[in-house]
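One letter stands for each residue in the lines below.
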Amino acid sequence: MNPSDRGWRRPRSYHHGNLKEVLLEAARKLIEQYGPTGFSLTEAARLAGVSPAAPYRHFRDREALLADVAREGFGRFEAMLSTGWNSGRPDALTAFHNVGRAYLAFARAEPAYYAAMFESGLPPDLSPELRAAGDKAFAVLRTAAETLVSQLPAGRRPPAMMMSLHVWSMAHGIASLFGRGDSGRRSLPMSAEELLESEILIYLQGLGFPQKA
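Residues numbered from 1 in each chain as written. Predicted model: local features only at pLDDT ≥ 70, side-chain atom pairs only at ≥ 80, totals over all residues. Heavy atoms only, no water.

Student: What is the right way to look at the pattern of salt bridges in this model?
Tutor: Pairing between side chains of opposite charge can happen when the charged atoms of each approach one another. All chains considered together, the criterion is met by eleven salt bridges. Here Glu-146 makes a salt bridge to Arg-142, at a shortest N to O gap of 3.0 Å. Taken together, the positions of Glu-146 and Arg-142, both in helix α6 (residues 128–149) and four residues apart, correspond to about one turn of that helix. A relative accessible area of 36% places Glu-146 in the partly exposed class. (Salt bridge = Lys/Arg side-chain N within 4 Å of Asp/Glu carboxyl O. Helix = DSSP H or I, 4+ residues; strand = E, 2+ residues; numbered from the N terminus. Buried < 20%, exposed > 50% of the residue type's maximum accessible area, 1.4 Å probe, protein only.)

Student: Looking at this model, I keep getting lost on the packing of aromatic side chains. Mind explaining?
Tutor: The geometry of an aromatic ring pair comes down to the distance between the two centres and the angle between the two planes. In this structure the tally under the stated criterion is six aromatic pairs. On the numbers, 5.7 Å between centres and 85 degrees between planes, the contact of Phe-74 with Phe-118 is edge-to-face. Placement of Phe-74 in helix α3 (residues 62–85) and of Phe-118 in helix α5 (residues 111–118) is noted, with a sequence separation of 44 residues between them. Exposure remark for Phe-74: the relative accessible area of 11% places this residue in the buried category. The interplanar angle of 85 degrees and the centroid separation of 4.9 Å between the aromatic rings of Phe-77 and Tyr-103 together place this pair among those described as edge-to-face. With Phe-77 in helix α3 and Tyr-103 in helix α4 (residues 92–109), the pair connects residues that are 26 residues apart, well separated along the chain. Summarising the burial analysis for this pair, Phe-77 and Tyr-103 share the class buried. An aromatic cluster is present here, built from Phe-74, Phe-77, Tyr-103, Phe-106, Tyr-114 and Phe-118 joined pairwise through their rings. The ring of Phe-39 has Arg-62 lying over it, and the distance from NZ or CZ to the ring centre is 5.3 Å. (Phe/Tyr/Trp six-rings, centres within 6.5 Å; stacked < 30°, edge-to-face > 60°. Lys NZ or Arg CZ within 6 Å of the ring centre and 35° of its normal.)

Student: For this particular structure, what's the right way to read empty space enclosed by the protein?
Tutor: In this approach, a probe sized like a water molecule rolls over the atoms, and the result shows the empty space that is left. All chains considered together, the criterion is met by one cavity of 30 Å³ or more. Size it by volume and the largest cavity reaches roughly 30 Å³. Lining the largest cavity are His-97, Arg-101, Glu-193, Leu-196 and Glu-197. If you tally residues by element for the lining of the largest cavity, the top one is helix α8 (residues 192–207), at three residues. The class makeup of the residues in the lining of the largest cavity is one nonpolar, one polar and three charged. (1 Å grid on protein atoms, 1.4 Å probe; cavity = no way out; pocket = protein on both sides within 12 Å on 5 of 7 lines; lining within 4 Å. Points joined across faces, edges and corners; volume = space filled by probe spheres on them. Nonpolar A, V, L, I, M, F, W, Y, C, P; charged D, E, K, R; others polar.)

Student: Sorry, what's going on with the nonpolar core here?
Tutor: One finds Leu-65, Phe-96, Met-163 and Leu-204 to be the most contacted residues of the largest nonpolar core, which totals 68 residues. Among the elements of the structure, α1 (19–34), α2 (41–48), α3, α4, α5, α6, α7 (160–179) and α8 are those that each provide at least two residues to this core. Excluding residues within four positions of it along the chain, Leu-204 makes contact with Leu-93, Phe-96, Leu-148, Met-163 and Phe-209. (Core = buried A, V, L, I, M, F, W, Y, C linked by side-chain atoms within 4.5 Å. Contact = heavy atoms within 4.5 Å.)

Student: How should I be thinking about the environment of Arg-186 in this particular structure?
Tutor: Relative to the assigned elements, Arg-186 resides in the loop between α7 and α8. Along the primary structure Arg-186 and Ile-174 are separated by twelve residues, whereas in three dimensions their C-alpha atoms are 9.9 Å apart. Among all residues touching Arg-186, those that are not within four sequence positions of it are Leu-177 and Phe-178.

Student: What's the story with the layout of surface pockets in this structure? I'm lost.
Tutor: Here the largest pocket defines a volume of roughly 360 Å³. In terms of lining residues, the largest pocket is bounded by 22 residues, among which Phe-74, Phe-118, Pro-124, Gly-134 and Trp-168 are the most central. Elements that contribute at least two residues to the lining of the largest pocket include exactly α3, α5 and α6. Here the lining of the largest pocket is composed, by residue class, of 16 nonpolar, three polar and three charged. Computed from the structure, the second largest pocket encloses a volume of approximately 190 Å³. In terms of lining, the second largest pocket is formed by Lys-20, His-58, Phe-59, Arg-60, Ala-64, Ala-67, Asp-68, Arg-71, Leu-126, Ser-127, Glu-129 and Leu-130.

Listed below in structure tokens is the structure:
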């Protein structure tokens, strides 16, 4: 289908030197509306206003274009998580909750990136750049967990990696079901942030963390 038939406006005009950026922008628009599997490389080229052959200067196929959108998304994701963590300020527990809020904020604000990163079925090791970007984003959560775990007595500290994976699963589940910024979002009698905060509090109390006053 021609992108114009879908009601899309063409991304910023292509000029020599910015072909890759224009294609990435076109892919994001298509992903946001139709999901990570709902477009072809040819369709992205049409929306970008370039020939069907032009994308092959940068991407071997649609999967490679999708992987680059995901890589870019993980970079933005890492930045939002890092802002939430804020080096553990004002205190580790508050900052830990802020990381969870940042996770939800990203899913709501960047549905196309979120879908490319987590719903495209791309192997994490599709490219070294994609793997590195994903690992850097997860490292923010791992650092937060390590900092929080260090506050427990030595004999009662859970493995930081396990804790990171548990909290990641909680945040991701709530973001995917209730916190996303597209039509897949389900309604709740509370905010997604309130749901995640209560879930994390219950989890942390089960590990022996004292409830914050």
